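Structural overview for review
Here is what each chain is made of, one letter per residue.
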Amino acid sequence: MNSRPANNTFATLKAASLWFFRGLKRGDWLWLWLAVVIASASVTLVEQLAQTVHKSMLAKAAESLSADLVLRSSRPIEARWREQAEQQGLAVAQSLSLTTMAMANDEFQMVLLKGLSANAPLRGRLHTQNNTDIAQLSADQVLADPQLQTLLALDNPPSLTLGRETFKVADWLTRQDVFQSTLSQFAPQVIMPLERITALGLIGPGSRVTYELAFAGEAAQLAAWQRLLEQQDIAHWQILSARAPTPDLEKALATAWLFLDLSALATVLIAGLAILIASRFYLQRWMASMALMRASGASDKQLTTLFAIQLMWLALLGSVLGGVLGLGLFQLITPWLADYFNPLIWPNFAQAFALGLIAGTLALWTFAWPAFRQATRVSPLQVFRQAALARYNPLRALLFSLLLLIGLMSVLLNHSVVVWALPALLLSAGGFYLLALALLYAIARLQPLSRGWLRLALAGLAREPGLVKLQFIALGLVVFLLILMTFVRQDLVENWQASLPQTTPNTFMVNIQPDQLTTVKQHLARAQIETELVPMVRGRLVAVNQQAIRPSEQDAQRVRRLLQREANNALLEQPPSYNRILAELAPSQRLPLPSVSVEAEIAELFGLTLGDVLTFDIIGQRVDYQITSLREVEWQSFRLNFFFILQPQAQLNLPFSYISNFHNPLSREDSAALQRDLAQSAPGVLWIDARDMIDQVQRIMQQAALAVSLLYLFTLVSSLIVIFTASQASQLGRLRSWLLLRTLGAKQADIVKLGLTEFVLIGLLAGLFAAILAQSASLLVSYFWLDSAPRLNLQLWLASIGTSVLLLLAIGWLTQRTPLRQTPKQLLQQLQADA
Amino acid sequence: MAIVGRSGSGKSTLLALMAGLDKPSQGQVNLLGEDLGRLNEDQRAQLRALQVGFVFQNFQLMPGMNALENVMMPLELFGLDRARERAEAALEKVGLSHRLNHQPSALSGGEQQRVAIARAIVTEPRILFADEPTGNLDETTAAQIQQLLFDLQHQTTLVLVTHDMHYAALCQRTVRIQDGILTESV
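Predicted, not measured: the structure shown is a model, and the values here were computed from it. (Residues numbered from 1 in each chain as written. Chains lettered and ligands numbered in written order. Predicted model: local features only at pLDDT ≥ 70, side-chain atom pairs only at ≥ 80, totals over all residues.)

1. Brief notes about the overall build of chain A
The line we're drawing: For helices the rule is a DSSP run of H or I covering at least 4 residues; for strands it is a run of E covering at least 2, with both sets numbered from the N terminus onward. Residue burial here comes from a neighbour count, namely the number of other C-beta atoms, placed from the backbone, that lie within 10 Å of the residue's own C-beta, with 20 or more meaning buried, 12 or fewer meaning exposed, and in between meaning partly exposed. Remark: residues whose backbone-derived C-beta atoms lie within 7 Å of one another are considered to be in contact.
In terms of regular secondary structure, chain A is built from 22 helices and 20 strands. Across the 835 residues that make up chain A, the buried fraction comes to 40%. Put simply, of all contacts in chain A between residues at least 6 apart along the chain, 85% involve residues at least 24 apart.

2. Quick notes on the overall build of chain B
Secondary structure assignment for chain B yields 7 helices and 8 strands. Taking all 186 residues of chain B together, 47% fall into the buried category. Here the contacts in chain B between residues at least 6 apart in sequence split such that 66% fall between residues at least 24 apart.

3. A look at the interface of chain A and chain B
By a widespread convention, an interface's size corresponds to the accessible area lost as its parts come together. Defined as follows: In the scheme used here, Gly and all other residues not listed as nonpolar or charged are polar, with Ala, Val, Leu, Ile, Met, Phe, Trp, Tyr, Cys and Pro taken as nonpolar and Asp, Glu, Lys and Arg as charged.
Listed per partner, the contact involves 35 residues of chain A and 33 residues of chain B. Of all the elements in the fold, those that place two or more residues in the side of chain A that touches chain B are α1 (8–26), α7 (247–295) and α22 (824–834) of chain A. Considering every element that reaches the side of chain A that touches chain B, the biggest residue donor is α1(A), with 8 residues. Here the side of chain A that touches chain B is composed, by residue class, of 17 nonpolar, 10 polar and 8 charged.

4. Section: the packing of helix α3 (residues 67–77) of chain B against helix α4 (residues 83–93) of chain B
Two quantities define a packed helix pair, namely the angle between the helix axes and the distance between the axes. All names here are of chain B. The cut-off we apply is this: Lines fitted to the C-alpha atoms define the axes, with helices restricted to the stretch that makes contact. Angles between their N-to-C directions range from 0 to 180 degrees. The scheme is simple: roughly parallel for angles under 35 degrees, roughly antiparallel for over 145, roughly perpendicular for 65 to 115, oblique for anything else. By definition, any crossing whose near helix is turned counterclockwise from its far helix by less than a right angle is left-handed, and any crossing with a clockwise turn is right-handed.
As a packed pair, α3 and α4 sit with axes 9 Å apart at the nearest point and diverge in direction by 125 degrees. On the basis of their axis angle, the class for α3 and α4 is oblique. Relative to α4, α3 is oriented so that their crossing is right-handed. Together, Ala67, Leu68, Val71, Met72, Leu75 and Glu76 of α3 and Ala83, Arg84, Arg86, Ala87, Glu88, Ala90 and Leu91 of α4 make up the contact between the two elements. Its residues assigned to classes, the contact of α3 with α4 shows 9 nonpolar, no polar and 4 charged.

5. Looking at the packing of helix α14 (residues 517–526) of chain A against helix α17 (residues 668–681) of chain A
All names here are of chain A. Taken N-terminus to C-terminus, the directions of α14 and α17 make an angle of 160 degrees; their axes are 10 Å apart at the nearest point. For the element pair α14 / α17, the angle class is roughly antiparallel. Like other packed secondary-structure pairs, α14 and α17 cross with a definite hand, here right-handed. Side by side, α14 and α17 meet where Thr519, Val520 and His523 of the first sit next to Leu674, Asp677, Leu678 and Ser681 of the second. Of the residues that constitute the contact of α14 with α17, the class distribution is 3 nonpolar, 3 polar and 1 charged.

6. What about unusual backbone geometry?
Negative phi values dominate among residues other than glycine, just as trans dominates among peptide bonds. Residue and element names in this part refer to chain A. With an omega of -5 degrees, the peptide bond running from Ala120 to Pro121 counts as cis. Note on placement: Pro121 falls in the loop between β3 (107–116) and β4 (141–144). Despite not being glycine, Asn511 has its phi angle at roughly 65 degrees, a positive value. Along the polypeptide, Asn511 turns up in strand β10 (residues 507–512). Of note in the backbone geometry, Gln528 takes a positive phi value of approximately 55 degrees without being a glycine.

7. Digging into the pairing of strand β2 (residues 91–104) of chain A
Residue and element names in this part refer to chain A. The condition that has to hold: By this definition, two strands are paired if DSSP reports at least two bridges between them.
Note that β2 and strand β8 (residues 209–216) share 8 bridges and pair antiparallel. Paired with Ser97 across the bridge in β8 is Thr210. Here 10 bridges tie β2 to β3, and the two strands are oriented antiparallel to one another. Directly across from Ser95, in β3, lies its bridge partner Leu116. Between β2 and β3, which pair antiparallel in sequence order, lie 2 residues; one of them, Asn105, sits at a positive phi of approximately 50 degrees. Two elements, β2 and strand β5 (residues 159–162), share 2 bridges in a ladder whose sense is antiparallel. Within the sheet, the bridge partner assigned to Ala102 lies in β5 and is Leu162.

8. Remarks on helix α9 (residues 349–376) of chain A
Residues and elements named next belong to chain A. Applicable threshold: Multiplying 1.5 Å by the helix residue count minus one yields the expected span of that helix. Think of it this way: the bend at a residue is just the angle between two axes, each fitted to seven residues, one set ending at that residue and the other starting at it.
Helix length check: α9, at 28 residues, gives a terminal C-alpha distance of 38 Å against a target of 40 Å (1.5 Å per residue), a fit within 8%. At Ala368, α9 shows its largest kink, close to 45 degrees, and the proline Pro370 lies no more than four residues downstream. For α9, the tally of buried residues reaches 22 of 28 residues, placing the bulk of the element in the interior.

9. A short note on the nonpolar core
Inclusion rule: Each nonpolar core comprises buried Ala, Val, Leu, Ile, Met, Phe, Trp, Tyr and Cys residues, the members being joined through C-beta atoms within 7 Å.
Counting 258 residues, the largest nonpolar core has Ala35(A), Phe215(A), Ile275(A) and Val71(B) as its most contacted members. In terms of residue count, the dominant contributor to this core is α7(A) (25 residues). If sequence neighbours within four positions are ignored, Ala35(A) has contacts with Ala271(A), Ala274(A), Ile275(A), Ala278(A) and Ile721(A).

10. Topic: the confidence of the model for chain A
All names here are of chain A. For the record, the criterion: Confidence of the predictor at the level of single residues is captured by pLDDT, which takes values from 0 to 100.
Confidence in the prediction for chain A averages 80 pLDDT; 84% of positions are at 70 or higher. Taken element by element, the predicted model of chain A shows its lowest mean pLDDT in helix α10 (residues 395–412) (66) and its highest in strand β15 (residues 595–599) (94). Note on residues 178–183: pLDDT under 50 across the span, and 15 contacts to partners over four residues away in sequence or across chains.

11. Considerations on helix α21 (residues 794–821) of chain A
Residue and element names in this part refer to chain A. When the terminal C-alpha atoms of α21 are compared, their 40 Å separation across 28 residues agrees well with the 40 Å that a helix rising 1.5 Å per residue should span. Its maximal kink placed at Thr815, α21 deviates by approximately 35 degrees, while the proline Pro819 follows within four residues. Of all the residues in α21, the buried ones are Ser800, Ile801, Thr803, Ser804, Val805, Leu807, Leu808, Gly812 and Gln816.

12. Concerning the sheet that holds strand β6 (residues 157–162) of chain B
All names here are of chain B. One open sheet holds the 6 strands; their spatial order is β4-β5-β6-β1-β7-β8, and the pairing between them is mixed. Edge positions in the sheet fall to β4 (52–55) and β8 (181–184), since each has one partner strand and no second. Here the strands of the sheet are splayed against their neighbours by 20 degrees on average, with no regard to which way each runs. When strand β5 (residues 127–131) meets β6, the two strands line up parallel, connected through 5 bridges. For Asp131, the partnering residue across the bridge sits in β6 and is Val161.

13. Overview of the pairing of β4(A)
Residue and element names in this part refer to chain A. With 4 bridges connecting them, β4 and strand β6 (residues 165–172) associate as parallel partners. In the strand pairing of β6, Val142 is matched with Val169. Of the pairings in the sheet, the one linking β4 to strand β7 (residues 189–193) comprises 2 bridges and is antiparallel in character. Pairing of Leu143 across the sheet is with Ile191, part of β7.

Encoded structure:
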């Protein structure tokens, strides 16, 4: 002997790297590598997509809010809050607004008058025709909503009177905010510098003025500042953050994010299954190699290091490529995103890339390490004969890595998804395992009773029970996830389309007085607009079961706010058909009082139950109503919805007006003409055009549907890879029995029949059980998540079983084609080479 | 040295014990001056590293590695320099310099065994264990492999397990194993 082993660690590192890259070049690692690429790409894409949409929406919301954070109060806000915020490095702007009457040419119109400090808005800009800024306005100038031109028949140059003074309109506002708008804020706006508004004499002791301090700055500073403001717990304060744009939109989008999270989770787990199966496929090969290296003198540590380094290389290259692929796919969809989100905020890609890298690496270690570890325990005696494998229980390692993976996924995804989706998947896997045991038992019983090729096919399945279990679990889970996601996605998109159809109401009319009703109806009928006019009255809830409720005594800020202001209450005998009645009071429990139907969430918030008596203050009149029903309302539908629907009482003579909303089919010009006519014949009626807002919400929904479909496609591709690797895992055993059969004189047709029967049997059974699971899950998802009626879906059963059988047949045919054409001698050579 | 005996007589088990691949339930085995019974699995592996070579009946080539890579394997595993040069020289010695980049599946049985022999001798081991190296080969190829093994083992002790008495006769010493009893036959 003329050499000694060199420095072991360095030699092992070098050898491992050399062997890895040689193997990679030959395609040895293909299946494992693909699985890692998919896991990492999907996590990167989902993270980047979610961050982009989230940040873009945040920026949009901040623009609409004119700031990152707004402190709104019904009383003047002390100067010390502004000073303190500025000391903390935040930009601060001040504003106040009040609803008042504007006058011109003897016409009156209710307007929302806003006074802004010179640096407002802190985010975005004022949208005016000639880009006039608030700081450019002179003392006698205002910015105004162009609707006022028609509503007040303004002269040229236009001017209007507010309080004691007359102002020239310096420029026209071109866009209203789409988020954070309530109906009253849709009154035509007039904007002027803050210091001018206080001099108008419009603010008196009884005026309803809203004071605002707006803040902008770094996320961390803002969060701390928001906490500080919330800790003050001041009843007349309301804190608005750009982080929570309209609650309605947030709810609709939450479903989309949930689906995206589930897709990412499913993709990583599916990729994990691919790794688990592929590593079983490589196990025989690894064991042969390791036995030989052990015989050649490699130590346990050296073998472990050798393969761990190869695994690291695989994880690194797979994850990096996956990350790049994920970001590349994101780049591809960016043009669509830019269509829907303006401004489109690009988050730093490093975070998504890093998460993808970690996800790919962890998925590989979690699912491949048990097989690796088992291979490193191989006895060197294996080079002589099939030695018994050292007992190794991979459960601990698998559990540890799985926990790491779950930890990562919970950082990335919504915690609640991980909490219920993972146990559900593990339970399903357990179910499939039990079914696989039952299947193997049935095979053992059926085999002696069967004959011909069926008997041989059953024997083929019974040949490697461990592998059959694994294949069955993997196939079943993948088909289950795939079918479930197909139908949930379909339901989701259909639900969105149904919630905001093309005919979604996009125009509101408020403040229609009873004597204007006929005129308004005639105008609308002439324009061929069909609508219902709902009588409503403004009133405030003041007592429950004769116990006074005071805003200051309430814990929840939302309750306090609702109690402070007058709400719009419908005056209807029955709730509208588009509200779902959840509970009704039995006629025997009814009191001789008018009835009120309460929206379910508000009932829960106030702790109201059926039969309670509510007292409303309606312009000074106190009226009692008994709760006779609780309703569920879809706020995101843009239909007319109310917290309280009061039974009309003719004798009470309440000061009611009508409200209406409808889908406006007219062009912008025709719509303006109708508005002008209405302003002349029914003065004071407020026409609110929400087309831009609905359009934007519809676009966001479409965008979310696109993101959902994209992720779904990704899951589909990764599923196909799992099914492919699952079928390849048992290839060696299959080849061995074919060789034997061919040697004994079996015809090619018999072997084809035999091979395909194995595939069809597994496909059929996995598909059947997947359908059972998918149907159950789909029913649960429909009921609890999508709020839609659960239904049995024949399509789902056919798709599940059909997809599963056809996929396996196709994969079987593709993978078996070449070996079937080989002569027994060629088969033998291939087996020897692979052994 | 040749170890001969009938099928199932324990020839391969004896070889495994001698090479430290297995531990005896009783008795003592010394390899290269070390009592194998006192060494653990890793220490026995360390003793074999680069000092012991193997040739197996079923060749045991690394799947997925070509002929050259198979021969380079032990050199690379232990970080020896000039691995490629040495492996090419070893393959040339066994007459396979024209099949360097062929995968095992593209080689005949005789060629696969030549690769295995090249891999066994490339580290110039002090002792070479061969377990029925011609057992899976036809007569002509077996004769060529026998010749090759004897030509290459001048500086190495060859321990050969075989049931071919003619082949065993070429060795300087032959032991027979029968019913678990070892007897010197020559």
